[in-house]
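Take a look at the letters that make up each chain.
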Amino acid sequence: MPADAQLAAREDWVIHWLDRRKDGVGALVARAVAGATPGRDSTLAWLGVQRQVRSFLRQAATVPRDRSSERVLAALDDHVAALSAAGARAHVAVATADPATLVDARSRFGIRVALIGKGGAGKTVISSTLSRLLARRGRNVVAVDLDVNPGLAISLGLPATDAGLPPEAIEEAPSAPYGWQLTTGLSPEEAVARFATVAPDGVRYLGLGKIGSADKEVARRSVAAVRQILLGLGAPDWDVVADLEAGPTTPFENYHDFSDHVVMVIGPAWRSAMTARRLLPMVGDRRLTIVYNRFRDEPDHPGLPPDLRIPFDADLTQAEREGRAPIDACPGSAVVAAVGRLADLVVAAQQR
Ligand SMILES: Nc1ncnc2c1ncn2[C@@H]1O[C@H](COP(=O)(O)OP(=O)(O)OP(=O)(O)O)[C@@H](O)[C@H]1O
Ligand SMILES: [Mg+2]
């Protein structure tokens, strides 16, 4: 494709997504307005609008204005104006909500958590157990494996899977990362409802699929679409727990852009703390919870005080050998109890 045509296609793609996101927020506002008897559901819906607007405006700010054509700038200005107006409405609705209603709405407002840390720190064990425990508390949970060397499905209690999103969920888009995106007309909520796998306790599982399987394209095709689902999942009463790949590569690529809370998992090894220090700047303005995992009697890492400690427990190793979910294999383990306290922490953080 000639350079001009390539540029035009790229711009079409940027405008396509600005419009899709604006429509997504429009649909959320319509839902909030429809439920707008002064009741808890409308407050919850407006909290969802507020969050989605904040998240999309953060993305919009990354479009380079100085290198954008007039038509991209026009779409961008229109996008920002529409989102800002929706955000202002949501702000008024939340600010004027009855305090008891607001407390109730916040208690049901979904958490958006990304787990990061060095390889082997315990991200997958903690993500899966957290997801299952949240679901047992009656919450709607999507657990997402953002690692192309996946392990979350097994740890949730599902059979191992190499599959990413099915063909109906994705379409070719030459300007998208790796050339694929979430199908036009398919909302992130529909995508979860139709294509996520139902895991024990009702957790919904989504993954990128595996690199290195017979079909090497699986993960490439799914990656942009899964991230679009995460970023655009407006449903205010859904929790999202995402298990990122080890180390800084995908946090650097902003795979946690959907999150408003980061759980940094750190093991006792010095290198685990070193990785954590490298990851800290990527947390940005999100809430941060530092979790020490697998510690026995090792000293704390300087400058990285933990918010929560999860002890070493040999039963976990056995669960892994058997390919079972830790919460099924050793429900009484200290690890499962400590992850329960993590669930308390992340849910409580949302109340503020
Ligand atoms: N608290 C713990 N006590 C004992 N073993 C643990 C504990 N937490 C995790 N493990 C074990 O450590 C190994 C690594 O855990 P896990 O797979 O969750 O780490 P990870 O951070 O997801 O790793 P990767 O970066 O490779 O995806 C697993 O064998 C797991 O069973
Ligand atoms: Mg893992």
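Residues numbered from 1 in each chain as written. Chains lettered and ligands numbered in written order. Predicted model: local features only at pLDDT ≥ 70, side-chain atom pairs only at ≥ 80, totals over all residues.

**Regarding the overall build of the chain**
From N to C terminus, the chain includes 13 helices and 10 strands. On C-alpha atoms alone, the chain measures out to a radius of gyration of 20 Å, which is about the 20 Å that the 2.2 N^0.38 rule sets for 352 residues. Expressed along its principal axes, the backbone C-alpha trace of the chain runs to roughly 60 × 55 × 40 Å. Within the chain, the fraction of its 352 residues that count as buried is 43%. Counting only contacts in the chain whose residues sit at least 6 apart along the sequence, the fraction spanning at least 24 positions is 74%. (Helix = DSSP H or I, 4+ residues; strand = E, 2+ residues; numbered from the N terminus. Rg over C-alpha atoms; globule rule 2.2 N^0.38 Å. Buried ≥ 20, exposed ≤ 12 C-beta atoms within 10 Å, placed from the backbone. Contact = placed C-beta atoms within 7 Å.)

**A closer look at the site of ligand 1**
Around ligand 1, 20 residues are found, and the nearest of them are Gly122, Lys123, Thr124, Val125 and Ala246. Mapped by element, the contributors of at least two residues to the shell around ligand 1 are helix 5 (123-136), strand 9 (287-295) and helix 11 (314-321). Residue composition of the shell around ligand 1, grouped by class: seven nonpolar, eight polar and five charged. (Near = placed C-beta within 6 Å. Nonpolar A, V, L, I, M, F, W, Y, C, P; charged D, E, K, R; others polar.)

**Re the sheet that holds strand 7 (residues 238-244)**
Taken in spatial order, the eight strands line up as 5-6-2-7-1-8-9-10 in an open sheet, and their pairing is mixed. Looking at strand neighbours, the two that pair on one side only are strand 5 (197-198) and strand 10 (308-311), the edges of this open sheet. Pairing of strand 1 (residues 112-117) with strand 7 involves four bridges; the strand directions are parallel. For Leu115, the partnering residue across the bridge sits in strand 7 and is Asp243. Where helix 10 (residues 270-283) meets the sheet, its contacts fall on strand 1, strand 8 (261-266) and strand 9, and the angle it forms with strand 8 comes to roughly 170 degrees. (Pairing = 2+ DSSP bridges. Axes fitted to C-alpha atoms, helices over the stretch in contact; angles between N-to-C directions.)

**Looking at unusual backbone geometry**
Phi is positive for Asn254, which is not a glycine, with a value near 70 degrees. Mapped onto the elements, Asn254 comes out in the loop between helix 9 (249-252) and strand 8. Even without glycine at this site, Arg294 takes up a positive phi of about 70 degrees. Counting through the fold element by element, Arg294 comes out in strand 9.

**A word on the packing of helix 5 against helix 13 (residues 334-350)**
In contact at an axis separation of 9 Å, helix 5 and helix 13 are set at 70 degrees when each is read in the N-to-C sense. With respect to their mutual orientation, helix 5 and helix 13 come out roughly perpendicular. As helix 5 packs across helix 13, the resulting crossing turns out to be right-handed. Residues Ile126, Thr129, Leu130, Leu133 and Leu134 of helix 5 form the contact with helix 13, whose participating residues are Val336, Val339, Gly340, Leu342 and Ala343. (Parallel < 35°, antiparallel > 145°, perpendicular 65-115°, else oblique. Left-handed = near helix turned anticlockwise from the far one by under 90°.)

**Some points on the nonpolar core**
Burial of nonpolar side chains together is a common tendency in soluble globular proteins. Ala143 and Val240 are the most contacted members of the largest nonpolar core, which has 70 residues in total. Sort the elements by how many residues they give to this core and helix 8 (residues 218-232) lands first, with eight residues. For Ala143, the contacting residues outside a window of four places in its chain are Ser127, Ser128, Ser131, Leu152, Leu156, Ala199, Val203, Tyr205 and Val241. Grouped together as the second largest cluster of nonpolar side chains are 20 residues, Leu28, Ala32, Leu47 and Val49 included. (Core = buried A, V, L, I, M, F, W, Y, C linked by C-beta atoms within 7 Å.)

**What about the domain arrangement of the chain?**
Segmenting the chain into domains produces domain 1 (3-105) and domain 2 (110-351). Summarising the inter-unit geometry, the C-alpha centres of domain 1 and domain 2 are found 25 Å apart. The interface of domain 1 with domain 2 comprises 13 residues on the first partner and 13 residues on the second. Secondary structure elements with two or more residues in the side of domain 1 that touches domain 2: helix 1 (3-34) and helix 2 (40-60). Examining the composition of the side of domain 1 that touches domain 2, we find that seven residues originate from one element, helix 2, more than from any other. For the side of domain 1 that touches domain 2, the per-class residue count stands at six nonpolar, five polar and two charged. (Domains from an automatic or database assignment.)

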